[in-house]
Protein chains: 2
Amino acid sequence: MMITDPVTFAKAIADDTRQQVMNLLCCEWLCVSDIVERMGGVSQPTISHHLAVLREAGLVNTRRDGKQVFYSLDQEAVAVCCGTLLQRFAPGRQYIPVSQIELVG
Amino acid sequence: MMITDPVTFAKAIADDTRQQVMNLLCCEWLCVSDIVERMGGVSQPTISHHLAVLREAGLVNTRRDGKQVFYSLDQEAVAVCCGTLLQRFAPGRQYIPVSQIELVG
DNA sequence: AAAACATATTGACAATCGTCAATATGTTGA
DNA sequence: TCAACATATTGACGATTGTCAATATGTTTT
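Summarised in this report is the structure supplied together with it. Along each chain, residues carry numbers from 1 onward, in the same order as the chain's sequence is written. Going through the entries in the order they are written, you letter the chains from A and number the ligands from 1. Confidence filtering applies because this is a predicted model: local features only for residues at pLDDT of at least 70, side-chain atom pairs given and counted only at 80 or more, and all residues used for totals across whole chains, interfaces and linings. Computation of side-chain values covers all heavy atoms of the structure but excludes hydrogens and water.

### What about the overall build of chain A?
Move 1: Assigned secondary structure in chain A consists of six helices and four strands.
Move 2: Scanning chain A from its N terminus toward the C terminus, one meets helices and strands in the order α-α-β-α-α-β-β-α-β-α.
Move 3: Relative accessible area decides the class of each residue, using a 1.4 Å probe on protein chains only: under 20% of the type maximum gives buried, over 50% gives exposed, and in between gives partly exposed. Looking at the 105 residues of chain A, the share that counts as buried comes to 46%.
Move 4: Whether two residues touch is decided by their heavy atoms; if any such pair falls within 4.5 Å, the residues are in contact. Considering only contacts within chain A whose residues lie at least 6 apart along the sequence, 50% involve residues at least 24 apart.
Move 5: All accessible-area figures derive from a Shrake-Rupley calculation using a 1.4 Å probe, and residue coverage is judged against the displayed protein chains alone. Carbon together with sulfur atoms contributes 50% to the accessible area of chain A, which is approximately 5,600 Å² in total. Numbering of helices and strands runs from the N terminus, with a helix taken as a DSSP run of H or I at least four residues long and a strand as a DSSP run of E at least two residues long.

Right, dumping it as structure tokens:
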């Protein structure tokens, strides 16, 4: 598992186009041409560039299937990065996953 | 209460110097000259600039006391922004504040 | 092997950003 | 009011970034 430091994470998500792509990839796998189509008006090289930034920050999963390359958002990675930000910049308020609440009681 | 959108938040924290300043301001009030002193090697105008960015993003509290202006990190704002990021980009894993767990049972 | 398709890379350009020196603004105390 | 101090703003500069057109790489199909 790769660790993404807070600055790298912040830089990776600090662009509107990139956040729109992240939204598209949040809950489904999409190939590059589908992303280009849904983004409407953004060129394929630009999309590939943004995907590279997200990939290098460890925020997307990649799968090759024939000629196409599919991407999806790595929600776990996002959650870990946000957790790090919270620990560092909001230590006064600690958060825990809802999925663990059952175990508490 | 002001709302900070995820892109503005990300841009605000997408710089190493700025995150260092945020660390300094995380748990105490500091005036500008103290920040300059602790950052060592960064000029006062640069620090003022970074503080302005954080202020415009709603991430710091400000208080004037005589000639000096004190800043502190707004942990609540950071927590809200991280929460928004989690909702948008990690909807599969929901987190809640520890402080609210008592109320659940 | 060649053609067709999907994606990545390169090169160029404008726009944004981080930084500092110089200066302006604002506040206190003599 | 004036001098001293603290912070903010301006202007300039190099570095980084987002974007696209053109091209390269990689994969499948004929």
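Additional details are given in the paragraphs that follow.
### With respect to the relation of the copies chain A and chain B
Move 1: Here the copies are matched by least squares. The fit uses the C-alpha atoms of residues with pLDDT of at least 70 in both. Superposition of chain A onto chain B requires a rotation of 180° combined with a translation of 0.0 Å along the rotation axis, giving an RMSD of 0.0 Å. The symmetry that links the two subunits is that of a two-fold axis.
Move 2: With an isologous cut-off of 70% or more, the 97% of interface residues of chain A that recur at the interface of chain B puts this contact in the isologous class.

### So, the environment of B:Pro91
Move 1: In this structure, B:Pro91 sits in the loop between α5 (75-89) and β4 (95-97).
Move 2: Accessibility expressed as a relative area gives 31% for B:Pro91, which makes it partly exposed.
Move 3: Among all residues touching B:Pro91, those that are not within four sequence positions of it are A:Cys26, A:Cys27, A:Gln75 and B:Leu86.

### Comments concerning the protein's contact with DNA strand D
Move 1: The nearness test applies per residue and asks whether one of its heavy atoms lies within 4 Å of the molecule or strand. What surrounds DNA strand D is a group of 22 residues, the closest being A:Thr46, A:His50, B:Ser33, B:Gln44 and B:Tyr71.
Move 2: Here, DNA strand D places atoms within 4 Å of the protein, and 71% of those atoms are sugar or phosphate.
Move 3: The separation between a phosphate oxygen of DNA strand D and a polar main-chain atom of B:Val32 is 3.1 Å.
Move 4: Residues adjacent in sequence count toward polar contacts only when both atoms are side-chain atoms; beyond that, a polar contact is any pair of N or O atoms within 3.5 Å, and within protein one must be able to donate a hydrogen and the other to accept it. Contacts to DNA strand D include B:Tyr71, whose side-chain N or O atom sits 2.6 Å from a phosphate oxygen.
Move 5: Contributing elements (two or more residues each) for the surface near DNA strand D: α2 (16-25) and α4 (44-56) of chain A together with α3 (32-39), α4 (44-56) and β3 (68-73) of chain B.
Move 6: The element that contributes the greatest number of residues to the surface near DNA strand D is α4(A), accounting for four residues.
Move 7: When the residues that make up the surface near DNA strand D are grouped by side-chain class, the tally is seven nonpolar, eleven polar and four charged. Side-chain classes are defined by residue name, with Ala, Val, Leu, Ile, Met, Phe, Trp, Tyr, Cys and Pro counting as nonpolar, Asp, Glu, Lys and Arg as charged, and the others, Gly among them, as polar.

### Looking at the pairing of strand β2 (residues 60-65) of chain B
Residue and element names in this part refer to chain B.
Move 1: Here, any two strands with at least 2 DSSP bridges between them count as paired. As judged from the six bridges shared by β2 and β3, these two strands associate in the antiparallel manner. Residue pairing in the sheet places Asp65 in a bridge with Gln68 of β3.
Move 2: The antiparallel hairpin formed by β2 and β3 contains two residues in its connecting segment, where Gly66 sits at a positive phi of about 70°.

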